[in-house]
Structure formats: C-alpha cells, structure tokens
There are 2 protein chains.
Amino acid sequence: MINIISIDLKNPKPIFEQVKDGFKNLIICGVLSSEEKIPSVREMAQELAINPNTIQKAYRELEAEGYVYQVVGKGTFVAPVVPLENQARIDELILEIEDLARELIYLGVAKPDIISILDKL
Amino acid sequence: MINIISIDLKNPKPIFEQVKDGFKNLIICGVLSSEEKIPSVREMAQELAINPNTIQKAYRELEAEGYVYQVVGKGTFVAPVVPLENQARIDELILEIEDLARELIYLGVAKPDIISILDKL
DNA sequence: GTAGTGTATTACATCACATAATACATCTAC
DNA sequence: GTAGATGTATTATGTGATGTAATACACTAC
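Predicted model only: the values in this text are computed from it and were never measured.

Caption draft 1: How the structure looks around the relation of the copies chain A and chain B. Of the transformation superimposing chain A on chain B, the axial component is 0.0 Å and the angular component is 180 degrees, with the fit at an RMSD of 0.0 Å. The operation mapping one copy onto its partner corresponds to a two-fold rotation axis.

Caption draft 2: Expanded view of the protein's contact with DNA strand D. As a structural note, the neighbourhood of DNA strand D is formed by 26 residues, with A:Arg42, A:Gln56, A:Gln70, B:Ile15 and B:Thr54 the closest of them. Per the 4 Å cut-off to the protein, sugar and phosphate atoms form 64% of the nearby atoms of DNA strand D. Between DNA strand D and A:Val41 there is a distance of 2.9 Å, counted from a phosphate oxygen to a backbone nitrogen or oxygen. Contacts to DNA strand D include A:Asn53, whose side-chain N or O atom sits 3.3 Å from a base oxygen. For the surface near DNA strand D, the secondary-structure elements that each account for two or more residues are helix H2 (41-48), helix H3 (52-64), strand S2 (68-71) and strand S3 (75-78) of chain A together with helix H1 (15-28) and helix H3 (52-64) of chain B. Residues of the surface near DNA strand D, tallied by class, amount to eight nonpolar, eleven polar and seven charged.

Caption draft 3: Here's a closer look at the packing of aromatic side chains. All names here are of chain A. Going through the model one piece at a time under the given rule, you end up with six aromatic pairs over all chains. Here Phe 23 and Tyr 59 contribute two aromatic rings whose centre-to-centre distance is 5.5 Å and whose plane-to-plane angle is 90 degrees, an arrangement assigned as edge-to-face. With Phe 23 in helix H1 (residues 15-28) and Tyr 59 in helix H3, this pair connects stretches of sequence that are 36 residues apart. Grouping residues by exposure puts Phe 23 and Tyr 59 together as buried. Pairing Tyr 69 with Phe 77 gives two aromatic rings, centres 5.5 Å apart and planes at 25 degrees, and the pair type is stacked. Residue class for Tyr 69 comes out partly exposed when judged on its relative accessible area of 29%. The ring of Phe 16 has Lys 57 sitting right over it, with the charged end atom 4.4 Å from the ring centre.

Rules of the game
- Residues numbered from 1 in each chain as written.
- Chains lettered and ligands numbered in written order.
- Predicted model: local features only at pLDDT ≥ 70, side-chain atom pairs only at ≥ 80, totals over all residues.
- Heavy atoms only, no water.
- Least-squares fit on C-alpha atoms with pLDDT ≥ 70 in both.
- Near = heavy atom within 4 Å.
- Polar contact = N/O pair within 3.5 Å; in protein donor to acceptor, adjacent residues only side chain to side chain.
- Helix = DSSP H or I, 4+ residues; strand = E, 2+ residues; numbered from the N terminus.
- Nonpolar A, V, L, I, M, F, W, Y, C, P; charged D, E, K, R; others polar.
- Phe/Tyr/Trp six-rings, centres within 6.5 Å; stacked < 30°, edge-to-face > 60°.
- Buried < 20%, exposed > 50% of the residue type's maximum accessible area, 1.4 Å probe, protein only.
- Lys NZ or Arg CZ within 6 Å of the ring centre and 35° of its normal.

Given below as structure tokens:
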C-alpha cells in the first residue's frame, strides 16, 4: 500500500491533522471500506518518515470521531458507518457548510450555482 | 458600539482568528455595511482586554482577504465587495463546501436535505 | 500642538506540535 | 514459550506559533 496519503511540510496545517484528513477523505470517498485494515502506526510512520506518535495522534482523533477503531495487537480498522448516528458531527458540519455558503453568496456566487455544485457530488 | 464580537479563551482557535472570523461574519451578514468604519485597533483591544497587536493581526488578515481596508491616521473600513472578483477565495470555499457535503452524505444525510438547508439561507 | 489612527519593532512567556527514545500490554503464528 | 507485529503510554527536548508588553513612528483631522 504505497503512497496512500501524503504530507506537505510546507502546509501550515499540523502534520497529524493532514494525516487525519487524508484518511478521513479516503474513507468518505470509499477508497477504504468498512472493516478494512489501515496501515499500522509504525508502518505509516516509516512510509511518511515521521514519528509514530504523530501518526498515533492522527489515528486517535479518527477513532474519537468514529471513522476507525483500534485493537491492541491487531491494528486499526475502518469503522462501519451507522447512518445518522453521529449527530454531533452532523450538526457541526451543517453549521460550517451554512457559513461557507453564506460567504460564497456574499462573494457573488448565486445560490442556484452553489446548489448545482452539490448536486453533482 | 458595545460587544460587537466576543472572544472565548477556552476556544482552541487563536484569538486573532476568532476576531477575524467575528468581523467577517458581521460583514457577510450585513451587520457591517460597505465603507462602514469598524472599531480601531486600540479601541477593540480595550473592549476585549487583549493586546492591540493581536487585533492588528486579525485586521491585517481581513484586509489581505479583501474584507476591509486600512488607512493610516483614519481607521479600518469595510471594503466594498466586487461580486465574483475574489476568485481565489471562491475556489477555496467551493473545495471546502464539497468536502463538507461529502462528509455529510457519508454520515447519512441525504443530498436533498443538504440542498434544502442551503436553500433556506 | 493634540488626539486618534495604523504600523512596526524588540523582547519575553506560554503552549502546540513534533521528535526521540523507551517500555508495556495484547494478539497471532509457530 | 517465543518472536513479531500491533496499539498505548511516558518522559524529555526542540521549534515555532501565539500573545503580551512596551515603545516609537507616520499620518490625519481639528
């Protein structure tokens, strides 16, 4: 499993967050499926040439947000998603998407154009 | 102009960023209109009990993003928006809103429900 | 001249982030 | 039992972001 995600050291976003977002996107886009095992902390650390503790921090937050689960001695696996269960996260995302949409409208993008973009997803 | 924005010291988001986002939201929502003067760096610092340099950092970024403009000796004013001019920011927001929408869909929120939320704005 | 404004600089303290090293517990295969 | 692989935890250290404090300068309006 080569180059599954990448890190940009110039990116001001912390490394552990880039790792977290990288895996989250792979899960959301279906590249990683439910119950699939993801690279171990040490393996990922070696591949990205960063510290295993940094990877563990990323994996820890992924688990906290319900995207993966970790089993001592076995590894880290993609958690099955239970539709509409993670209400706290859904609420948070709705607030964020509303903010972004308001800013887009303020910048002159028509609401139908925004809706059209989402319709294409 | 009392309590125009507020700061939450427990919020992990840096203070300068809370100030920036606070003003940005006031501008986007129309609470602050084009060419309106916003509180001076020293005035805002006093009201929020934080350092003027921190306020200046927030205002500096607002100016860099095109929301305000600063005039030495006069103050800081809401910049008039030119529809569809800030294409770089629009592109950035579109990528973000797509990411958020994908995550919402992954979490079980139906696309029509997301579109309905945006339609209400 | 004075008051109010933005802007800049230096120095300092705190905290987030990342690394390095090490060790422990669990699981699996042999 | 042991080795290898796995997650988990801890301590110590260094770097950079953040925020403060203090000070000074230039500009504007009166």
